Amino acid sequence: MKNLTFPAAPSIRALALVTLGLGLAAPASAADQATIRRGALLVGVGGCMDCHTPFKMGAKGPEKDLARGLSGHPATLRLGIPPKLDSDWNWAGSATMTAFVGPWGTSYAANLTPDRETGIGTWKESDFINSMRTGKDLGVARPIMPPMPWQALRKLAAADLKAIYAYLMAQPAISNRVPDFQPPADQR
C-alpha cells in the first residue's frame, strides 16, 4: 500500500490556524522547528486534539480545554454505567470526548504529552512509530482500541510520523493518569 504524504511547506496561514492554542515550543534548530511545525499541521488536520484534549463547558457551549491539551481522559473523571447499546446505536462517547464505549469495551484517550510518568515521555521515536504502524499499545502490547484511527495513521510516511512525535514531545508535560481500557466483560 502506498504511503500518504502531504506538501512539505504548508502555508503560514495554515500553520497559524493549526498551531493556535497548541503550545508550539521554540526548538533548538531551524530543522527541528520545521519538523515540529509539520507535526503541528498533521496533529491539527488529523484531529488528534478532538479526542486527546478534554472538552469543558464554555460560554458558548462545549470547547476544548487547552490547559489540558493532549492529556487524554481526565484521571479525576469517573464515568457512570455506559448507555445501553443496540444494533442502531452501537457505540457512544463521553461528554468530554475522551472516553468511548462499544462492542470492544470502554476505551479512554491516552495522554500524549511528554509526561514521563503518565504520558509518552519515556517513548522513543521508534516506539511511537511502531505503535502507529502495528496498532499495538507500547508496554501492554494490547491492540490500540477504537475509535483511534491508527489504521489510517500507519499509512503516513515515516517522516510524517516522526514530525507528529516531535510535535508531541515539544508540548508541555501534563501529569494525568488515564484509566485503563475496560474489556466488554468489565462493563456492568
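Predicted, not measured: the structure shown is a model, and the values here were computed from it.

1. So, the packing of helix H4 (residues 125–134) against helix H6 (residues 158–169)
For the pair H4 and H6, interaxial distance at closest approach is 10 Å and the crossing angle is 120°. When the interaxial angle is binned, H4 and H6 end up oblique. Taken as a pair, H4 and H6 cross one another with a handedness that is right-handed. Contacts between H4 and H6 involve Glu125, Phe128, Ile129, Met132 and Arg133 on the former and, on the latter, Ala158, Leu161, Lys162, Ile164, Tyr165 and Leu168. Classifying every residue of the contact of H4 with H6 by side-chain character gives eight nonpolar, no polar and three charged.

2. What about helix H2 (residues 30–46)?
In this model, H2 (17 residues) spans 24 Å end to end at C-alpha, consistent with the 24 Å of a helix rising 1.5 Å per residue. All of the buried residues along H2 are Ile36, Arg38, Gly39, Ala40, Leu41, Leu42 and Val43. Positive backbone phi, approximately 75°, marks glycine 47, located one or two places after H2.

3. Some thoughts on the state of the cysteines
Enumeration according to the criterion identifies zero disulfides in this entry. Left unpaired, cysteine 48 is separated from the closest cysteine sulfur, that of cysteine 51, by 9.0 Å. For cysteine 48, a relative accessible area of 17% puts it in the buried group. You can call cysteine 51 partly exposed: its relative accessible area is 22%.

4. Some points on the confidence of the model for the protein
Looking at the protein as a whole, the pLDDT averages 85, with 84% of positions reaching at least 70. Least confident of the elements in the protein is helix H1 (residues 12–19), whose mean pLDDT is 40; most confident is H6, at 98. Segment residues 1–27: pLDDT under 50, and 40 contacts once partners within four positions in sequence are set aside and those in other chains are kept.

5. Overview of the pairing of strand S1 (residues 55–58)
As paired elements, S1 and strand S2 (residues 61–64) share four bridges and run antiparallel to each other. From the neighbouring strand, glycine 58 faces S2, where its bridge partner is glycine 61.

6. So, the sheet that holds strand S3 (residues 92–93)
Taking strand neighbours across the sheet as the criterion, the three strands line up as S3-S4-S5 in an open arrangement whose pairing is antiparallel. Each of the sheet's edge strands pairs with one partner strand only, and the pair in question is S3 and strand S5 (105–108). In terms of strand pairing, strand S4 (residues 99–102) meets S5 through four bridges, oriented antiparallel. Counterpart to valine 101 in the pairing with S5 is threonine 106.

7. So, the environment of leucine 42
By the element assignment, leucine 42 lies in helix H2. A residue is classified by how much of its surface remains accessible, and leucine 42, at 5% relative accessible area, is buried. Spatially, the C-alpha atoms of leucine 42 and leucine 161 are 8.9 Å apart, while their sequence positions differ by 119 residues.

8. Side note on the packing of H2 against H6
Running from amino to carboxyl end, H2 crosses H6 at an angle of 95°, the nearest separation of the two axes being 7 Å. Viewed along their axes, H2 and H6 adopt a mutual orientation that is roughly perpendicular. For the pair formed by H2 and H6, the contact residues are Thr35, Ile36, Arg38, Gly39, Ala40, Leu42 and Val43 on the first element and Asp160, Lys162, Ala163, Ile164, Ala166 and Tyr167 on the second. A breakdown of the residues in the contact of H2 with H6 according to their chemical character gives eight nonpolar, two polar and three charged.

Parameters and conventions
- Residues numbered from 1 in each chain as written.
- Predicted model: local features only at pLDDT ≥ 70, side-chain atom pairs only at ≥ 80, totals over all residues.
- Heavy atoms only, no water.
- Axes fitted to C-alpha atoms, helices over the stretch in contact; angles between N-to-C directions.
- Helix = DSSP H or I, 4+ residues; strand = E, 2+ residues; numbered from the N terminus.
- Parallel < 35°, antiparallel > 145°, perpendicular 65-115°, else oblique.
- Left-handed = near helix turned anticlockwise from the far one by under 90°.
- Contact = heavy atoms within 4.5 Å.
- Nonpolar A, V, L, I, M, F, W, Y, C, P; charged D, E, K, R; others polar.
- Expected span 1.5 Å × (residues − 1).
- Buried < 20%, exposed > 50% of the residue type's maximum accessible area, 1.4 Å probe, protein only.
- Disulfide = S-S within 2.5 Å.
- pLDDT = per-residue confidence, 0-100.
- Pairing = 2+ DSSP bridges.

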